[in-house]
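Residue-level structure breakdown
In case you want the letters, here they are:
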Amino acid sequence: MKKIKENAIKDIIHVNICILLVLLIVFALAILYKYITYKKDGQASVEASIDVKELYNTINEEKKDETEENNRQNSINSSTTDWELLLVNKNHKIPDDYKVELEEVEITHKVDKRIVDHLNQMLNDAREQGLSPIICSSYRTNAKQKQLYNNKIKAYKRLGYSSAEAEELASYWIAIPGTGEHETGLAVDIVSKNYQILDEKQEQTDVQKWLIENSYKYGFTLRYPTDKKEITMINYEPWHYRYVGIENATYMKEHAMCLEEYIDYLRQLEEEKYKELV
Ligand SMILES: [Zn+2]
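The structure reproduced in this document is the subject of the present report.

Conventions we followed
Residues numbered from 1 in each chain as written. Predicted model: local features only at pLDDT ≥ 70, side-chain atom pairs only at ≥ 80, totals over all residues. Pairing = 2+ DSSP bridges. Helix = DSSP H or I, 4+ residues; strand = E, 2+ residues; numbered from the N terminus. Axes fitted to C-alpha atoms, helices over the stretch in contact; angles between N-to-C directions. Buried ≥ 20, exposed ≤ 12 C-beta atoms within 10 Å, placed from the backbone. Parallel < 35°, antiparallel > 145°, perpendicular 65-115°, else oblique. Left-handed = near helix turned anticlockwise from the far one by under 90°. Contact = placed C-beta atoms within 7 Å. Nonpolar A, V, L, I, M, F, W, Y, C, P; charged D, E, K, R; others polar. Core = buried A, V, L, I, M, F, W, Y, C linked by C-beta atoms within 7 Å.

A few words now on the sheet that holds strand β5 (residues 220-222). Overall, antiparallel pairing links the four strands, which are arranged β3-β4-β6-β5 in an open sheet. Where the open sheet ends on each side, the last strands, each with one partner, are β3 (133-137) and β5. Adjacent strand axes in the sheet meet at a mean angle of 40°, parallel and antiparallel pairs treated alike. Pairing of strand β4 (residues 187-192) with strand β6 (residues 240-243), which is carried by three bridges, proceeds in the antiparallel orientation. Bridge pairing in β6 links D189 to H240.

Now the structure itself:
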């Protein structure tokens, strides 16, 4: 009888221990689950905060870009009708009533008197750097332009080209009379005293390297860059500088724009401003 009682008690204890063990396992699993979930949430919240930060930065950058663009647009005080921005090319002839007041520069040359100081300053500063720039071409009369253009046509004809072909080829080197910037007095050809040939090697001279880099500070732009031939319709001329004003030249340099592109851009701004007013 006593033995039976002892066995019964042992069974009860055994069962209790089992229950206890099961409870402990469940409890441990619950803690483990909680821990894993917590970890995941933590990671997610870190990721979420990174996302928010990135979004914040993106918005801020976009805002900054927008503000910079607005500031740029507002900082351009130029108008497409400014004298410095006179567009002369194959599609834009010099106006018939165009008048230019000339002034002598570098003894044998003449340019629009409004650009003389800027031009002299640029040449003087280049010389102070030990360079030897010389003007090889400046203002040209329409008659002189015609003569140069016809000579070029003759040269191509001598090479066997037809009249039409010769005219076409000549126009890429010598502007068709009435469409050349030299007739405006706003353009000059500058070369190095040590290399006076008008070809692409000119860009390798110290004079051109300096001018290409610095001419914008004096309001000049390299008018016919090598990568804009399609737009300017004139071959690369690393010697032809056109006065456009310091502010315009700086913007064009910063944004790698040729005059045609810059004037298009200004026109767009003017149209937008006009729309705002209407
Ligand atoms: Zn030129």
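Turning our attention to unusual backbone geometry. Its identity is not glycine, yet I107 carries a phi of approximately 65°, on the positive side. Along the polypeptide, I107 turns up in the loop between β1 (102-105) and β2 (109-112). A residue is classified by how many C-beta atoms lie within 10 Å of it, and I107, with 6 of them, is exposed. You will see that M233, though not glycine, has its phi angle at about 65°, which is positive. Within the secondary structure, M233 sits in the loop between α6 (229-232) and β6. A residue is classified by how many C-beta atoms lie within 10 Å of it, and M233, with 16 of them, is partly exposed.

Interaxial distance between helix α3 (residues 142-158) and helix α4 (residues 163-171) falls to 8 Å at its minimum, and their mutual angle equals 125°. The orientation of α3 with respect to α4, classified from their angle, is oblique. Two packed elements cross with a definite hand, and for α3 against α4 that hand is right-handed. Contacts between α3 and α4 involve Y149, K152, I153, Y156 and K157 from the first element and S163, E165, A166, E167, L169 and A170 from the second. Within the contact of α3 with α4, the residues separate by chemical class into six nonpolar, one polar and four charged.

Glancing now at the nonpolar core. Core analysis: the biggest nonpolar cluster contains 31 residues, and V111, L119, M122, V188, I190, F220 and Y241 have the highest contact counts within it. Counting only elements with at least two residues in this core, the list comes to α2 (116-128), β4, α5 (206-214), β5, β6, α7 (246-254) and α8 (259-277). For V111, the contacting residues outside a window of four places in its chain are L102, E103, V105, V116, L119, S138, Y139, G185 and V188. Formed by five residues, the second largest nonpolar core is a distinct cluster that contains Y149, A170, I174 and A175.

What follows concerns the pairing of β2. In the sheet, β1 pairs with β2 via four bridges, with the strands oriented antiparallel. Its bridge partner lying in β2, V105 is registered against H109.

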